[in-house]
Amino acid sequence: MKSPQQILHQVFGYSSFRPPQSQIIDTVVNGGDALVLMPTGGGKSLCYQVPALIRPGCAVVISPLIALMQDQVDAMRLLGVKAAFLNSTVLDEEVENIQHQLRSGELDLLYIAPERLVQTRTLQLLGEIDIALFAIDEAHCVSQWGHDFRADYLQLSLLHELFSSVPRIALTATADARTREEIIVRLYLDEAKQFISGFDRPNIQYRIALKYNAKQQLLKFLKNEHNDDAGIVYCLSRKKTEDIAAWLTEKGFNALPYHAGLGPEIRQRHQSRFLREDGLIIVATIAFGMGIDKPDVRFVAHLDMPKTVESYYQETGRAGRDGLPANAWLIYGLQDVIKLRQMMASSDGNEEYKRAEQHRLNAMLGFCEITSCRRQVLLSYFGEKLEQPCGNCDTCLEPVDTWNGTEACRMAISAAFRTDQRFGVNHLIDVLRGSHSDKIFQFEHQNLPVYGIGKDLDNNQWRSVYRQLVARGYMSVDLDRFGALRLEEKCRPLLRGEENIELRKDNKVKVAKQQTKIQLAAEVDIALWEALRDCRRMFAEDLSVPPYVVFHDSTLQEMCLRLPQTMEDFEMLSGVGERKLEKYGPGFIRVINDHLDS
Ligand code: ADP
Ligand code: ZN
């Protein structure tokens, strides 16, 4: 029997395990259950793939992402692993073929959709064969609280009953404790060893700025920093994803929309182009992203604020799986909060649920407003402590100025109070700045004591004051009254002069731009890099797989630096296992030799 280390080297071409991987693998190899929480890009797949190749029988991987199964299986086959998948897209003839392979013990790995797994005939089939392990991927889908909930996942509890001697490993990148508890309870994983990794993603730069002209801000960000890069732009509404995608295309970017209303073929086509083409931008609602393991997503941009810090973490986490620098960029404004609150208010769900949602939205808003290191706060949200400020977020790179906003806040609150808490932010600012608008005279607000007392601040500054008052819970938005601002209990000490308040100055962030392009060392020839990419593209097209399935950018970079000219040298590259060495080594070596000769 081969050791995990041997498999890692020979099959996957990697030299060492990352810290928790080897303990997880040992646990499963020895027949124990495991619950694995690891950030995106942490290397969860190896935790079941390696045991699948060590334990006798076929490993069964349950995943809700049927659109990605073909790619996953292709990637395994390229490594020489005998893999197949079963879901509703597989034709009967192929199903029979797979059943045959399973019965004769020819498969190492079977990917299967949960709804397929729980069918009686599938369970019967599995009952007849040796099963190495069950891997439950995206295990947070059992959580009825999360937006990825899949009813079929609840039925996976029967694995525990029917196959009590087969080890089970549940994996997710969702961090919060409640979801973790739910996974344990619903999947009967109380005996499972828990492996909870740190959630930091040091290669991701977090940046949050105020929204003043969303399109232009996005355009500038893309032009300055991500001209040819693959990335995801998240928007709240379906319509907006289409508008922005069309607009970006007009501006010369390669962009496609993605949302749940698009129909399965279009979605599949856009997703597949995102995976296969270089430098494509997907403009999507949150319907896009789970399980997309494209390693070279260089940025995730949010044009609207996510509903919770968890979603923000998950969505931004899709950037930079390959460990190379990546950007998480978000712009937001008070309007976002109003829109999200409206959506929540009109959603189904009981009062308790809505209150919990409200609470989580407030936390997200608070996260946007902080003036200290974003990463420290983000990690503390998941119970993790980062001792030092990270140096790779906007507040670290460009410390935020604050000002004493006590007086301004009092005025802002008084304006709302004097107008019976019936008006939205624009009118309140008109009152404070002494505007002559029709509405002022219609309501005779020119006679109020607060009328015109706030001329020292301009419109944007007042907006900023109100936004921060809402973000910090001094005021709230009344949805029954079209966004009227209301006072909250928390105002009292401030109005009584017992509290001072520091506000952040909303200067437009001009963070030094991060070089997220592949950094080629000076001595590396761009021509060689391009030639290697062409070679990779040819192999990929030939096999109809995404280019990164052949080799990652990082492996290509290593080729540029080390210039391997023999099979022995080539084998030393990270990401080159026995099968890939044999299949692609000669082709890439030829490119390198041609380059050196020319
Ligand atoms: P996750 O599923 O946790 O998001 P993956 O399993 O897709 O992450 O792994 C992320 C990337 O890291 C993959 O490209 C994988 O090949 C690579 N990887 C995983 N483990 C190792 C390792 N021990 N050494 C080198 N690369 C690794
Ligand atoms: Zn920081």
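Remember, it's a predicted structure, so these values are computed and weren't measured experimentally.

**A word on the overall build of the chain**
No. 1: For the chain, the helix and strand inventory stands at 28 helices and 17 strands.
No. 2: For 598 residues, the compact-globule estimate of 2.2 N^0.38 gives 25 Å, and the chain sits close to it at 27 Å.
No. 3: In the chain, 72% of the contacts between residues at least 6 apart in sequence involve partners at least 24 apart.
No. 4: A total accessible area of about 26,700 Å² is found for the chain, and carbon and sulfur atoms account for 47% of it.

**Here we look at the UniProt feature "domain: Helicase C-terminal" (unreviewed entry) in the chain**
No. 1: UniProt marks residues 214-364 with the feature "domain: Helicase C-terminal" (unreviewed entry), using the numbering shown here.
No. 2: Secondary structure within residues 214-364 divides into 48% helix and 15% strand; the distance between the first and last C-alpha atoms comes to 19 Å.

**A look at the nonpolar core**
No. 1: In terms of nonpolar packing, the biggest core is built from 176 residues, with I62, F134, I169, F274, Y466, M475 and F588 touching the most fellow members.
No. 2: With 21 residues, the next largest nonpolar core counts L222, V233, W247 and F253 among its residues.

**What to know about the pattern of salt bridges**
No. 1: According to the stated counting rule, one finds 25 salt bridges in the structure shown.
No. 2: Here R360 makes a salt bridge to E357, at a shortest N to O gap of 3.5 Å. Taken as a pair, R360 and E357 lie in helix α16 (residues 351-369) at a separation of three residues, close to a single helical turn.
No. 3: By relative accessible area, E357 is classed as buried at 10%.

**Some details on the site of ligand 1**
No. 1: Close to ligand 1 lie 15 residues; Y14, G41, S45, R321 and H552 are nearest.
No. 2: In the environment of ligand 1, an oxygen atom lies 2.6 Å from a nitrogen or oxygen atom belonging to the side chain of Y14.
No. 3: Between an oxygen atom of ligand 1 and a side-chain N or O atom of R18, the distance comes to 3.3 Å.
No. 4: About the coverage of ligand 1: the protein hides 83% of its 560 Å² of free accessible area.
No. 5: Classifying every residue of the shell around ligand 1 gives four nonpolar, eight polar and three charged.

**Quick notes on the coordination of the zinc ion (ligand 2)**
No. 1: Binding of the zinc ion (ligand 2) to the protein goes through C373 (SG), C390 (SG), C393 (SG) and C396 (SG), at separations of 2.3 to 2.4 Å.
No. 2: The site at the zinc ion (ligand 2) holds four donor atoms, and with the angles between them running 103 to 120 degrees, its shape is tetrahedral.
No. 3: All donor residues of the zinc ion (ligand 2) come from one chain, and their arrangement in sequence is C-x16-C-x2-C-x2-C. Here C373, found in the loop between α16 and α17 (374-381), pairs with C390, found in the loop between α17 and α18 (394-397); they are 17 residues apart in sequence, far enough to count as distant.
No. 4: The class for C373 is buried, based on a relative accessible area of 4%.

**Examining unusual backbone geometry**
No. 1: With a phi angle near 55 degrees, Q421 is a residue other than glycine that sits in the positive phi range.
No. 2: With respect to the secondary-structure elements, Q421 resides in the loop between α19 (406-418) and α20 (425-433).
No. 3: A residue is classified by how much of its surface remains accessible, and Q421, at 22% relative accessible area, is partly exposed.

**Details of the environment of T179**
No. 1: Looking at the element boundaries, T179 is found in helix α10 (residues 177-186).
No. 2: Looking at T179, the relative accessible area reads 7%, which means it is buried.
No. 3: Distance in space between the C-alpha atoms of T179 and A139 is 9.3 Å, their sequence separation being 40 residues.
No. 4: With sequence-adjacent residues up to four places away left out, T179 is seen in contact with H140, S143 and T174.

**Describing the sheet that holds strand β13 (residues 326-332)**
No. 1: If you walk across this open sheet you meet the six strands as β8-β13-β12-β9-β11-β10, and the pairing is parallel. The open sheet is flanked by β8 (204-210) and β10 (255-258), the only strands paired with a single partner. Within this sheet the neighbouring strands show an average axis-to-axis angle of 15 degrees, counted without direction.
No. 2: Relative to strand β12 (residues 299-302), strand β9 (residues 231-234) runs parallel, the two sharing four bridges. Paired with Y234 across the strands is H302, a residue of β12.
No. 3: In the packing of helix α11 (residues 214-225) onto the sheet, the strands contacted are β8, β9, β11 (281-284), β12 and β13, and the crossing angle to β13 comes to about 165 degrees.

About the thresholds
- Residues numbered from 1 in each chain as written.
- Chains lettered and ligands numbered in written order.
- Predicted model: local features only at pLDDT ≥ 70, side-chain atom pairs only at ≥ 80, totals over all residues.
- Heavy atoms only, no water.
- Helix = DSSP H or I, 4+ residues; strand = E, 2+ residues; numbered from the N terminus.
- Rg over C-alpha atoms; globule rule 2.2 N^0.38 Å.
- Contact = heavy atoms within 4.5 Å.
- Areas by Shrake-Rupley, 256 points an atom, 1.4 Å probe, with all protein chains shown as cover.
- UniProt positions renumbered as here; feature names shortened; annotations may be inferred.
- Core = buried A, V, L, I, M, F, W, Y, C linked by side-chain atoms within 4.5 Å.
- Buried < 20%, exposed > 50% of the residue type's maximum accessible area, 1.4 Å probe, protein only.
- Salt bridge = Lys/Arg side-chain N within 4 Å of Asp/Glu carboxyl O.
- Near = heavy atom within 4 Å.
- Polar contact = N/O pair within 3.5 Å; in protein donor to acceptor, adjacent residues only side chain to side chain.
- Nonpolar A, V, L, I, M, F, W, Y, C, P; charged D, E, K, R; others polar.
- Donors = N, O, S within 2.8 Å, 3.2 Å for Na, K, Ca; no water.
- Tetrahedral: all angles 85-135°; square planar, octahedral: opposite > 155°, others 65-115°.
- Pairing = 2+ DSSP bridges.
- Axes fitted to C-alpha atoms, helices over the stretch in contact; angles between N-to-C directions.

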